[in-house]
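# Secondary and tertiary structure notes
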Amino acid sequence: MTGEPSGGRAGDAGVLAGAADGPNGARMARSGKIKVHVASKSNVSLYVVLSAFVLVTVFALVTMDYGKVSFPAAMAAAVEDFVTMMTQPGLGGHFTLPDVIEGLFVSLALALLTTFIGAVIAFVLGLLASCNLSNKGVSNVIKVFMSVARAVPTILWVLVFSVAIGLGPEAAVVGLLFHSVAYLVKAYSESFEEVDAGVLEALRASGASWWQVVFQGVVPEKVNEMLSWTFIRFEINFVNAVAVGAVAGAGGIGYQLFLAGSFYYDINEVGLIVYLCLAVAVVLEVVATKLRKRYIVQR
Amino acid sequence: MTERALRPTGLLAGLRTRRAVPRGSYDGSFFLRRTLAVVAAAIMLVALGALSGTYVGFDFVQAILDVPGGFAWMATQFVPSFSSLQKLDAILPALGSTILASVASSCTAAVLAYICAVLGSRAVGVGGPFPLVVRAIASLFRNIPVVAWAFILLFSFKQSEFTGFFALFLTSFGYLTRCFLESIDEMSAGPVEALRACGASYGQIVAQAVIPMSITSVVSWVLYMIETNIRDATLVGILTGTGIGFVFDVYYKSFRYDVAGLVLLCIILVVIACELVSNFVRRRIL
């Protein structure tokens, strides 16, 4: 009800008087023109949202602190740096190629480990969080906890745990786990809820236990979808592992990228590391898109 | 073929002789094969997990034992104390500027991404090399690590709010272009074809068919992007020294965990509020 009231009235009037008004049931304005756009409630809310976006954006851009640098000069320098980074990747003597490749594998292994542990935890929680396999109370409690876990940025989870349990792969994996689990629980439980109720009822009626219902009714139908979601999360986890390595010192190629950029100021080395990350990320992205198209988007 | 001649026994025989069962009769090996496939996949995944665990030196038992301790540490150290409340007047402006930067970067990136997505779409695009070029650019911007963007921008724009905004803008642009491309390509082609048959110009087709049909999913994606950006602003803030991420980093690195906890609490509240608002808006516009 946030829109102007006239919009709602016009819509209602158009609907009520629609058939009687125009020659072929068209909605007519007072001047006799055929109305092409009728303001419905959802249209009015859409305009309100769009104008709010515009207002906030303009306000933000006007009040923003642009620093003391002149904009065109800084922009030119940034573009020049970007071009140098992308066209002249190379080693600057701080890392050797095997170092960097090993860092890449460390990041991949961290992502894989997080995805794997996260998938196991999320499978159990996802079963408990889906309404057709669990009761409403448990499902809601899990959903609330997951949304709180999601509200804390990944990087803060990792920073907090790297102090609480010490720097190392444990802190990185545990910190990355929260968002993985929250994401996968949502994905899994939504796909479990799509399982045909008749199948579950048939299994329950023939005396199947809860685990039998899960493993004979739910899992066989949804295993492809689950694996696709897990792979998509693996892609996200790789990106996160790189970012987390940079800030929390959790190791991997992200940390090397951070050192090359912020300590050695070696733009060629940054370029090389960026290319390695890009190569892995693009391959993962292509596979994830294919999996999503094949198993998740059904139409 | 040689294996069949050897007449394997046991499990393998059960698997191989399924052809011999007459059509329509009960074939018990179906469930056996399915179970074996699932078990094999599970074993492979466990092995892969164990391999990567040993590669990075991840101690599984230690990690499980550490987690409760970590939570206990968090619960005792990260509780905002009374004195930390006085820092609220330093935290709230940073929080405000972070929210504004997130909204502004999502919206400006959305405008640019939408233009690119329409031009590069396979269904309503201008054709030629555009679909490929737009997809490549989107993938490039999305997959270059945000650390690298932060480094390049910090180098030339120095430490200002604009640097954080611009880093968020670049990653959002790549992500939104991909999402918009998908939603435009999934649109039904009928209205576009009808307009084309009527002789509408390209601009008219876009204004009368493409935008009206995709605007709700665009708004939905922008809302999602704002949520994501508020969360990512923390990382970008730590890297570029702007907004709420910088405030957190300062107190975290000077061991003022009570103030850091307060910052954390503020971020949680803002993210949850943002999620509730965008769910409400989504329900209204759909």
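Parameters and conventions
- Residues numbered from 1 in each chain as written.
- Chains lettered and ligands numbered in written order.
- Predicted model: local features only at pLDDT ≥ 70, side-chain atom pairs only at ≥ 80, totals over all residues.
- Heavy atoms only, no water.
- Helix = DSSP H or I, 4+ residues; strand = E, 2+ residues; numbered from the N terminus.
- Rg over C-alpha atoms; globule rule 2.2 N^0.38 Å.
- Buried < 20%, exposed > 50% of the residue type's maximum accessible area, 1.4 Å probe, protein only.
- Contact = heavy atoms within 4.5 Å.
- Lys, Arg positive; Asp, Glu negative; His and termini not counted.
- Charge placed at Lys NZ, Arg CZ, Asp CG, Glu CD.
- Areas by Shrake-Rupley, 256 points an atom, 1.4 Å probe, with all protein chains shown as cover.
- Salt bridge = Lys/Arg side-chain N within 4 Å of Asp/Glu carboxyl O.
- Buried area = accessible area lost by both parts, 1.4 Å probe.
- Core = buried A, V, L, I, M, F, W, Y, C linked by side-chain atoms within 4.5 Å.
- Domains from an automatic or database assignment.
- UniProt positions renumbered as here; feature names shortened; annotations may be inferred.
- Expected span 1.5 Å × (residues − 1).
- Phe/Tyr/Trp six-rings, centres within 6.5 Å; stacked < 30°, edge-to-face > 60°.
- Axes fitted to C-alpha atoms, helices over the stretch in contact; angles between N-to-C directions.
- Nonpolar A, V, L, I, M, F, W, Y, C, P; charged D, E, K, R; others polar.
- Patch = residues over 30% accessible without salt bridge, like charges linked within 9 Å, V, L, I, M, F, W, Y side chains within 5 Å.
- pLDDT = per-residue confidence, 0-100.

When you go through chain B residue by residue, the secondary structure sums to 12 helices and zero strands. Going from N to C terminus, chain B has its helices and strands arranged as α-α-α-α-α-α-α-α-α-α-α-α. What you see for chain B is a C-alpha radius of gyration of 27 Å, clearly larger than the 19 Å of a compact globule of 286 residues, by over 25%. Overall, chain B is about 80 × 70 × 40 Å in size when its C-alpha atoms are taken along their principal axes. Classification of the 286 residues of chain B by burial places 47% in the buried group. Here the contacts in chain B between residues at least 6 apart in sequence split such that 74% fall between residues at least 24 apart. For chain B, the distance from the average position of its 21 positive side-chain charges to the average position of its 15 negative side-chain charges is 12 Å.

We now examine the overall build of chain A. Looking only at helices and strands, chain A has 11 helices and zero strands in total. From first element to last, N terminus to C terminus, chain A shows the α and β order α-α-α-α-α-α-α-α-α-α-α. Looking at chain A as a whole, 48% of its 299 residues qualify as buried. A separation threshold of at least 6 residues defines the contact pool for chain A, and within that pool the share at least 24 residues apart is 73%. Of the roughly 14700 Å² that chain A leaves accessible, carbon and sulfur atoms contribute 65%.

This next bit is on the pattern of salt bridges. For the structure shown, the criterion picks out 12 salt bridges over all chains. The residue R142 of chain B makes a salt bridge to E235 of chain A at a minimum N-O spacing of 2.6 Å. Highlighted residues: R142 of chain B in helix α6 (residues 130-143) and E235 of chain A in helix α9 (residues 210-248), drawn from two different chains. Judged on exposure class, the residue R142 of chain B and its partner E235 of chain A are both buried.

Before going further, it helps to examine unusual backbone geometry. All names here are of chain B. Phi is positive for K158, close to 60°, though the residue is something other than glycine. In this structure, K158 sits in the loop between α7 (146-157) and α8 (161-186). For F255, which is not a glycine, the phi torsion comes out positive at approximately 60°. For F255, the position within the fold is in the loop between α11 (243-253) and α12 (257-285). With a relative accessible area of 62%, F255 lands in the exposed category.

The next thing to look at is the environment of K35 of chain A. Looking at the secondary structure, you find K35 of chain A in the loop between α1 (5-21) and α2 (41-63). Through-space distance from the C-alpha of K35 of chain A to that of S191 of chain A is 42 Å; in sequence the pair is 156 residues apart.

Take the interface of chain B and chain A next. Taken together, the contact pairs 71 residues of chain B with 82 residues of chain A. Carbon and sulfur atoms make up 79% of the surface buried where chain B meets chain A, a total of about 6800 Å² over both sides. At the junction of chain B and chain A, the tally comes to four salt bridges. As a salt-bridge pair, E285 of chain A and R178 of chain B come within 3.1 Å of each other at their nearest N and O atoms.

To continue, consider the nonpolar core. Note that soluble globular proteins tend to have their nonpolar side chains buried in a common cluster. In this structure, M85, Y188 and V274 of chain A together with F78, I144, F180 and F248 of chain B are the most contacted members of the largest nonpolar core, which totals 173 residues. The greatest single-element share of this core, amounting to 17 residues, is contributed by helix α10 (residues 202-240) of chain B. Structurally, this core is a two-domain feature, drawing no fewer than three residues from each of domain 1 (28-77) and domain 2 (84-285) of chain B. Each residue touching I144 of chain B, except ones within four places of it in the same chain, is listed here: F82, M85, M86, V274 and L278 of chain A together with W149 of chain B.

With that settled, consider the UniProt feature "domain: ABC transmembrane type-1" (unreviewed entry) in chain B. Mapped onto this structure's residue numbering, the UniProt feature "domain: ABC transmembrane type-1" (unreviewed entry) falls at residues 95-278 of chain B. End C-alpha to end C-alpha, residues 95-278 of chain B measures 19 Å, and it is 86% helix and 0% strand.

All names here are of chain B. A rise of 1.5 Å per residue sets the reference length of α7, with its 12 residues, at 16 Å; its end C-alpha atoms lie 16 Å apart and thus fit the reference within 8%. Counting buried residues in α7 gives 10 out of 12 residues, a clear majority hidden from the surface. Turning to α7, its buried residues are V146, V147, A148, W149, A150, F151, I152, L153, S156 and F157. Downstream of α7 by a residue or two, K158 has a phi angle that is positive, lying close to 60°.

Applying the stated rule across the entire model yields 39 aromatic pairs over all chains. On the basis of an interplanar angle of 80° and a centroid distance of 6.1 Å, the ring pair of F258 of chain A and F263 of chain A is categorised as edge-to-face. Ring geometry for W221 of chain B and Y224 of chain B: centres 5.9 Å apart, planes at 80°, overall edge-to-face. Of the two residues, W221 of chain B and Y224 of chain B both sit in helix α10, three residues apart, roughly one turn of that helix.

With that settled, consider the packing of helix α5 (residues 88-120) of chain B against α11 of chain B. Residue and element names in this part refer to chain B. At a minimum axis distance of 6 Å, the contact between α5 and α11 shows a crossing angle of 145°. Contacts from A90, I91, A94, L95, S97 and T98 of α5 reach α11 at G243, I244, V247 and Y251. Here the residues of the contact of α5 with α11 sort into seven nonpolar, three polar and no charged.

Our focus in this paragraph is a nonpolar patch on the surface. A contiguous nonpolar surface patch, about 450 Å² in accessible area, is contributed by L91, L97, I101 and F105 of chain A together with Y55 of chain B. Looking at the element boundaries, L97 of chain A is found in helix α4 (residues 97-129). Residue L97 of chain A is classed as partly exposed on the basis of its relative accessible area of 43%.

Turning to the confidence of the model for chain B, a few remarks are in order. All names here are of chain B. Per-residue confidence for chain B averages 84 on the pLDDT scale, and 91% of its residues sit at or above 70. At the low end of the mean pLDDT range in chain B sits helix α1 (residues 2-6), at 43; at the high end sits α5, at 92. In this model residues 1-9 is a low-confidence stretch, pLDDT under 50, and it forms five contacts with partners more than four residues away in sequence or in other chains. The ipTM, which scores confidence in the relative placement of chains, is 0.79 for this predicted complex, and the corresponding pTM is 0.82.

This paragraph deals with the domain arrangement of chain B. For chain B, the assigned domains are domain 1 (28-77) and domain 2 (84-285). Of note, the centres of domain 1 of chain B and domain 2 of chain B, computed from C-alpha atoms alone, are 34 Å apart.

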